[in-house]
Amino acid sequence: LLQNHFASKKLELKRWQNEEYVSCKKHEENLMFTGTQGKKFRSKSEVIVDTLLYKYQIPFHYEERLDLNGFEMYPDFTIRHPMTGETMYWEHFGLMDNEIYRNNVYQKMKRYCENGIIPSINLIATYETNNHPLNIEYIDNHLCVDVISTDR
């Protein structure tokens with residue numbers, strides 16, 4: 001009974017993933033890491049996120065422009081829930097040892113929250129430091145599974 005509904009959602013999400021979008025053009029020379037399907041990323045940790053999103057067939061855009069009340073932002077990943085199509089965002093903050101970077105993260109999170117993009121609701125945030133690198137097993141076992149299994 002629902003097969004046609006899910007099939008049409010799957011086609012819509014496939015079209016969305018393949019459509020052109022405005023991405024971040026700043027420091028394109030830093031796109032040095034290759035992920036799935038030849039996509040380029042700024043860090044090895046973003047390649048890990050890419051790999052897991054690909055594994056679970058979660059459609060995404062990398063660094064797609066997002067306008068928040070006139071302020072232009074580029075979330076690392078704009079993702080769509082594979083069953084519902086709901087838009088969510090994933091930010092990976094990889095330099096949390098750096099005070100200037102950390103202060104920028106706080107400002108970015110504040111701006112997200114002021115615009116209804118809330119951690120654990122429609123924003124996934126992952127962090128790492130030199131002593132605590134991104135843990136692929138944790139993400140695979142918790143975050144990705146939560147995204148694909150959550151009834152939203």
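Report follows, based on the coordinates. (Residues numbered from 1 in each chain as written. Predicted model: local features only at pLDDT ≥ 70, side-chain atom pairs only at ≥ 80, totals over all residues. Heavy atoms only, no water.)

## Considerations on the overall build of the protein chain
- A count of helices and strands for the protein chain gives four helices and eight strands.
- Element order for the protein chain, N to C, with α for helix and β for strand: α-β-β-α-β-β-β-β-β-α-β-α.
- In the protein chain, which comprises 152 residues, the proportion classed as buried is 37%.
- When contacts within the protein chain are restricted to residue pairs at least 6 apart in sequence, long-range pairs at least 24 apart make up 53% of them.
- About 9,500 Å² of surface is accessible on the protein chain, with carbon and sulfur atoms providing 52% of the total. (Helix = DSSP H or I, 4+ residues; strand = E, 2+ residues; numbered from the N terminus. Buried < 20%, exposed > 50% of the residue type's maximum accessible area, 1.4 Å probe, protein only. Contact = heavy atoms within 4.5 Å. Areas by Shrake-Rupley, 256 points an atom, 1.4 Å probe, with all protein chains shown as cover.)

## Here we look at the sheet that holds strand 6 (residues 77-80)
- Read across the open sheet, the four strands follow the order 3-6-7-8; overall the sheet is mixed. The open sheet is flanked by strand 3 (60-62) and strand 8 (123-127), the only strands paired with a single partner. Neighbour to neighbour, the strand axes of the sheet diverge by 20 degrees on average, direction disregarded.
- For strand 7 (residues 87-93) and strand 8, the ladder comprises five bridges, and the chain directions are parallel. By the bridge assignment, F93 is partnered in strand 8 with Y127.
- Each of strand 3, strand 6 and strand 7 is contacted by helix 2 (residues 44-55), which is oriented at about 10 degrees to strand 6, the strand it contacts most.
- Each of strand 7 and strand 8 is contacted by helix 3 (residues 99-114), which is oriented at about 170 degrees to strand 7, the strand it contacts most. (Pairing = 2+ DSSP bridges. Axes fitted to C-alpha atoms, helices over the stretch in contact; angles between N-to-C directions.)

## Some details on the packing of aromatic side chains
- On inspection of all chains with the given rule, the structure shows five aromatic pairs.
- An aromatic cluster of at least three residues, connected via ring pairs, comprises F41, F60, Y62 and F77.
- Its guanidinium or amino end placed over the ring of W16, R80 lies 5.2 Å from that ring's centre, counting from NZ or CZ. (Phe/Tyr/Trp six-rings, centres within 6.5 Å; stacked < 30°, edge-to-face > 60°. Lys NZ or Arg CZ within 6 Å of the ring centre and 35° of its normal.)

## Concerning the pattern of salt bridges
- Following the criterion strictly, the structure yields seven salt bridges and no others.
- In this structure, E12 engages R80 in a salt bridge whose closest nitrogen and oxygen atoms are separated by 3.0 Å. You can see E12 sitting in helix 1 (residues 3-18) and its partner R80 sitting in strand 6, a full 68 residues away along the chain.
- For E12, a relative accessible area of 30% gives the class partly exposed.
- A salt bridge links K110 to E114, with the shortest nitrogen-to-oxygen separation between them at 3.7 Å. On the criterion of helical spacing, the pair formed by K110 and E114 is a turn pair, its members being four residues apart in helix 3.
- One salt-bridge network, held together by shared partners, links K9, E12 and R80. (Salt bridge = Lys/Arg side-chain N within 4 Å of Asp/Glu carboxyl O.)

## Remarks on helix 3
- Taking 1.5 Å as the rise per residue, helix 3 with 16 residues should run 22 Å; its terminal C-alpha atoms sit 23 Å apart, in good agreement.
- For helix 3, the set of buried residues is V105, M109 and Y112. Taken end-on, helix 3 shows its buried residues confined to a sector of 60 degrees, consistent with a single buried face. Residues of helix 3 that are exposed and point more than 90 degrees away from the buried face comprise E99, I100, Q107 and E114.
- Taken together, the buried residues of helix 3 touch strand 4 (66-68), strand 5 (71-73), strand 7 and strand 8. (Expected span 1.5 Å × (residues − 1). Arc of directions from axis to C-beta.)

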